[in-house]
Amino acid sequence: MRLSDCMVHCLERHYPAFEDSASAAVVLGVLRREGLEAVPVLRDGMFVALVSYADFDRILEKKGTLEGLTMRRLGLKKGEAVASGDDLFVFFSRLGSISGPVIPVVGEGGVFEGVVRKDKLLGRIAEIFHLGEDGMTLELEVPVSGMKISEVIEAIEKNDATVQSFGSYIPSTEGEEMVIILRLAAQDPFRLVKNLEKYGYVIRYAAPLSAVTDEDLKEKALEFIRFMDL
């Protein structure tokens, strides 16, 4: 998924940004007045760095004043930005290298386009992977080798459930098991879980088991017990 696809929902083109010729005192005033934690600094329209309160505190501690200083003279470290044409998931691994609540976005040649707030980006990721309250989370423990994801999906779909997204991880470097995490739209989570267990899958986590009432769950449990006794 291109990051530009996310920009339709997340990009703020009018977020405050300043050329590095701007007065440091003026920029700090904007931070305070607007209640912002950081703003981008540009040079001829190109992104250079993010400046935050910590940067101003460092200068004030050293010089005692910002009088007569421009942003260029603050000695800011070159900042990390993301190109709007980057892949969203490739970029996600670099998210931790960008401090602060906003991510600068640049276009061709490094021209500044705006910012994306991290909370909005995380919200968009949650939408893509269907991590909201609707739906079901299912974790299965399967062998690292010899297991095909397609087999798992087929077993799930046989039980009137749809896989909306999934991921996997190996809980131990020495283990031979892998955990598959799935987000599902399931008509009957209770029946799905019980049938998967019958197929031999190890269920690590399943929630919610069902959206029906406790009485319905009780009746389904009794039906299953009767079925096992046959």
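The chain appears in an unreviewed UniProt entry as CBS domain-containing protein from Pelodictyon luteolum.

Draft legend 1. Inspection of the pattern of salt bridges at higher detail. Scanning the model with the defined rule gives 12 salt bridges in all. For Arg72, the salt bridge identified is with Asp20, shortest N-O distance 3.0 Å. Residue Arg72 is located in the loop between helix 3 (53–63) and strand 4 (82–83), and its partner Asp20 is located in the loop between strand 1 (18–19) and helix 2 (24–34); the two are separated by 52 residues in the primary sequence. Residue class for Arg72 comes out exposed when judged on its relative accessible area of 51%. Within the structure, one salt-bridge network assembled from shared partners comprises Glu12, Arg117 and Lys120.

Draft legend 2. Quick look at the nonpolar core. Among the nonpolar cores identified, the biggest contains 39 residues, and Val27, Val39, Val51, Phe56, Met71 and Leu74 are the most heavily contacted of them. Put simply, the parts of the chain that give this core at least two residues each are helix 2, strand 2 (38–43), strand 3 (46–52), helix 3, helix 4 (88–92), strand 5 (102–106), strand 6 (112–117) and helix 5 (118–128). Non-local contacts of Met71, meaning those with residues more than four positions away in its chain, are made with Glu19, Asp20, Ala22, Ser23, Ala24, Val27, Val41, Val51, Phe56 and Leu76.

Draft legend 3. Representation of the sheet that holds strand 10 (residues 202–207) in the model. Read across the sheet, four strands follow the order 8-9-7-10 without closing on themselves; strand pairing throughout is antiparallel. Each edge of the open sheet is held by one strand with a lone partner, namely strand 8 (161–169) and strand 10. With direction set aside, neighbouring strand axes in the sheet form an average angle of 20°. Judged from the eight bridges that link them, strand 7 (residues 136–143) and strand 9 (residues 177–186) form a sheet pairing that is antiparallel. By the bridge assignment for strand 9, Val142 is matched with Met178. Against the sheet, helix 7 (residues 189–199) engages strand 7, strand 8, strand 9 and strand 10, with an angle of about 5° to strand 7.

Draft legend 4. Summary view of the environment of Glu141. Following the sequence through the fold, Glu141 ends up in strand 7. On the basis of relative accessibility, which here comes to 25%, the residue Glu141 falls in the partly exposed class. Once the C-alpha coordinates of Glu141 and Ile203 are considered, the two residues, 62 residues apart in sequence, prove to be 6.5 Å apart. If near-sequence neighbours (up to four positions away) are discounted, Glu141 is found in contact with Glu177, Met178, Val202 and Arg204. Polar contacts involving the side chain of Glu141 include one to the side chain of Arg204, which spans 3.3 Å.

Draft legend 5. Looking closely at the sheet that holds strand 6. Spatially, three strands are ordered 4-5-6 in an open sheet, and the strand pairing comes out mixed. In this open sheet, the two edge strands, each paired with only one partner strand, are strand 4 and strand 6. Taken together, the two bridges between strand 4 and strand 5 define a ladder with parallel strand orientation. The partner of Ala83 across the bridge, within strand 5, is Val106.

Draft legend 6. Main features of the side chain of Asp55. Following the sequence through the fold, Asp55 ends up in helix 3. Residue classification places Asp55 among the buried positions, given a relative accessible area of 16%. Engagement of the side chain of Asp55 in a polar contact is seen with the backbone nitrogen of Ser52, the distance being 2.9 Å. When near neighbours in sequence (up to four residues on either side) are disregarded, Asp55 contacts Leu50 and Leu76.

Draft legend 7. Representation of helix 3. Turning to helix 3, its buried residues are Asp55, Phe56 and Ile59. With its buried residues spanning 95° around the axis, helix 3 presents them on a single face. For helix 3, the exposed residues lying more than 90 degrees away from the buried face are Ala54 and Glu61. Where the residues of helix 3 are buried, they touch helix 2 and strand 3.

Draft legend 8. Fine view of unusual backbone geometry. Here the residue pair Ala207 and Pro208 is connected by a cis peptide bond, since its omega of -10° sits within 30 degrees of zero. Despite not being glycine, Asp44 shows a phi value in the positive range, around 55°. Structurally, Asp44 can be placed in the loop between strand 2 and strand 3. For Asp44, a relative accessible area of 70% puts it in the exposed group. A positive phi angle, near 60°, is found at Asp160, a position not held by glycine.

Cut-off values and rules
Residues numbered from 1 in each chain as written. Predicted model: local features only at pLDDT ≥ 70, side-chain atom pairs only at ≥ 80, totals over all residues. Heavy atoms only, no water. Salt bridge = Lys/Arg side-chain N within 4 Å of Asp/Glu carboxyl O. Helix = DSSP H or I, 4+ residues; strand = E, 2+ residues; numbered from the N terminus. Buried < 20%, exposed > 50% of the residue type's maximum accessible area, 1.4 Å probe, protein only. Core = buried A, V, L, I, M, F, W, Y, C linked by side-chain atoms within 4.5 Å. Contact = heavy atoms within 4.5 Å. Pairing = 2+ DSSP bridges. Axes fitted to C-alpha atoms, helices over the stretch in contact; angles between N-to-C directions. Polar contact = N/O pair within 3.5 Å; in protein donor to acceptor, adjacent residues only side chain to side chain. Arc of directions from axis to C-beta.

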